[in-house]
Amino acid sequence: MKALLALVVLFNVSVVSAGIVPPYYSAEFTIKKISPMCPATIPAGAQCMGFGSIVVIEAIIGCTDTVESKRIEVWGNNEIHTDVLVKRAPNAEVIRCMRAQTITETVLVHSPGKVTIVNDGIQF
């Protein structure tokens, strides 16, 4: 077990020192917009029973990178947990693009209160 741990540490050190970029990475989401589920003014005396918020989150990835898997969950304490695995394009180091890709998602948070985002990603 110690030998396996030593090999893993040695491999990670050699990859970092050689300047090799891993082929996968995790996208980091940020909150762009939060709006209430029910608008402040509803015409003609109608009632809205939607508590909570509509949250727009956004992550920026490379211009030729592709999303391999995406998981977005809302936990009970108004935390949005994201786990997005992105595959780096093989020629990402030499491509020049005008603007990077943006991943935008709309998430419904059903409890009133402060909304936070937690990026649960695989650390490379």
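This text gives an overview of the structure that appears in the document.

Rules behind the numbers
Residues numbered from 1 in each chain as written. Predicted model: local features only at pLDDT ≥ 70, side-chain atom pairs only at ≥ 80, totals over all residues. Heavy atoms only, no water. Disulfide = S-S within 2.5 Å. Helix = DSSP H or I, 4+ residues; strand = E, 2+ residues; numbered from the N terminus. Buried < 20%, exposed > 50% of the residue type's maximum accessible area, 1.4 Å probe, protein only. Pairing = 2+ DSSP bridges. Axes fitted to C-alpha atoms, helices over the stretch in contact; angles between N-to-C directions. Polar contact = N/O pair within 3.5 Å; in protein donor to acceptor, adjacent residues only side chain to side chain. Salt bridge = Lys/Arg side-chain N within 4 Å of Asp/Glu carboxyl O.

**What about the state of the cysteines?**
Right, on to step 1. Inspection of every chain in the model, using the stated rule, returns one disulfide.
Right, on to step 2. Each disulfide pairs two cysteine sulfurs, and for Cys63 the partner residue is Cys97, the sulfurs being separated by 2.5 Å. An S-S torsion of about -100 degrees defines the bridge between Cys63 and Cys97 as left-handed. Of the two residues, Cys63 sits in the loop between β3 (53-61) and β4 (66-74) while Cys97 sits in the loop between β5 (79-87) and β6 (101-109), which places them 34 residues apart along the sequence.

**Re unusual backbone geometry**
Right, on to step 1. For Asn78, which is not glycine, the phi dihedral falls at a positive 60 degrees.
Right, on to step 2. Checked against the element boundaries, Asn78 lands in the loop between β4 and β5.
Right, on to step 3. The exposure class assigned to Asn78 is buried, which follows from its relative accessible area of 5%.

**Overview of the sheet that holds β6**
Sheets are built from strands that pair by backbone hydrogen bonding, the pairs being arranged parallel or antiparallel.
Right, on to step 1. Taking strand neighbours across the sheet as the criterion, the three strands line up as β2-β3-β6 in an open arrangement whose pairing is antiparallel. Unpaired on one side and paired on the other, β2 (30-36) and β6 mark the two borders of the sheet. Here the strands of the sheet are splayed against their neighbours by 20 degrees on average, with no regard to which way each runs.
Right, on to step 2. Judged from the nine bridges that link them, β3 and β6 form a sheet pairing that is antiparallel. Bridged to Ile54 within β6 is Leu108.

**Observations concerning the pairing of β3**
On a regular strand, one side chain projects to one face of the sheet and the next to the other, so that they alternate.
Right, on to step 1. Only one face of β3 is covered, namely the face carrying Ser53, Val55, Ile57, Ala59 and Ile61; the face carrying Ile54, Val56, Glu58 and Ile60 is uncovered.
Right, on to step 2. Bridge analysis of β2 against β3 gives six bridges, and the strand direction is antiparallel. What sits directly across from Ser35, in β3, is Ile54.

**Observations concerning the environment of Tyr25**
Right, on to step 1. Here Tyr25 is to be found in strand β1 (residues 24-26).
Right, on to step 2. Tyr25 sits in the buried class, given a relative accessible area of 16%.
Right, on to step 3. Note: C-alpha distance between Tyr25 and Val86 (61 residues apart in sequence) is 5.4 Å.
Right, on to step 4. A distance of 2.6 Å separates the side chain of Tyr25 from the side chain of Asp65, its partner in a polar contact.

**Thoughts on the environment of Leu85**
Right, on to step 1. Its place among the elements puts Leu85 in strand β5.
Right, on to step 2. Expressed as a C-alpha distance, the spacing of Leu85 and Val67, which sit 18 residues apart in the sequence, is 6.1 Å.

**Re the pattern of salt bridges**
Right, on to step 1. Scanning all chains against the criterion turns up four salt bridges.
Right, on to step 2. Here Glu58 and Lys32 are joined by a salt bridge, their closest N and O atoms 3.9 Å apart. On the criterion of sequence distance, the pair formed by Glu58 in strand β3 and Lys32 in strand β2 is long-range, its members being 26 residues apart.
Right, on to step 3. By relative accessible area, which is 22% here, Glu58 ends up partly exposed.
Right, on to step 4. Residue classification places Lys32 among the exposed positions, given a relative accessible area of 52%.
Right, on to step 5. Here Asp83 makes a salt bridge to Arg71, at a shortest N to O gap of 3.9 Å. On the criterion of sequence distance, the pair formed by Asp83 in strand β5 and Arg71 in strand β4 is long-range, its members being twelve residues apart.

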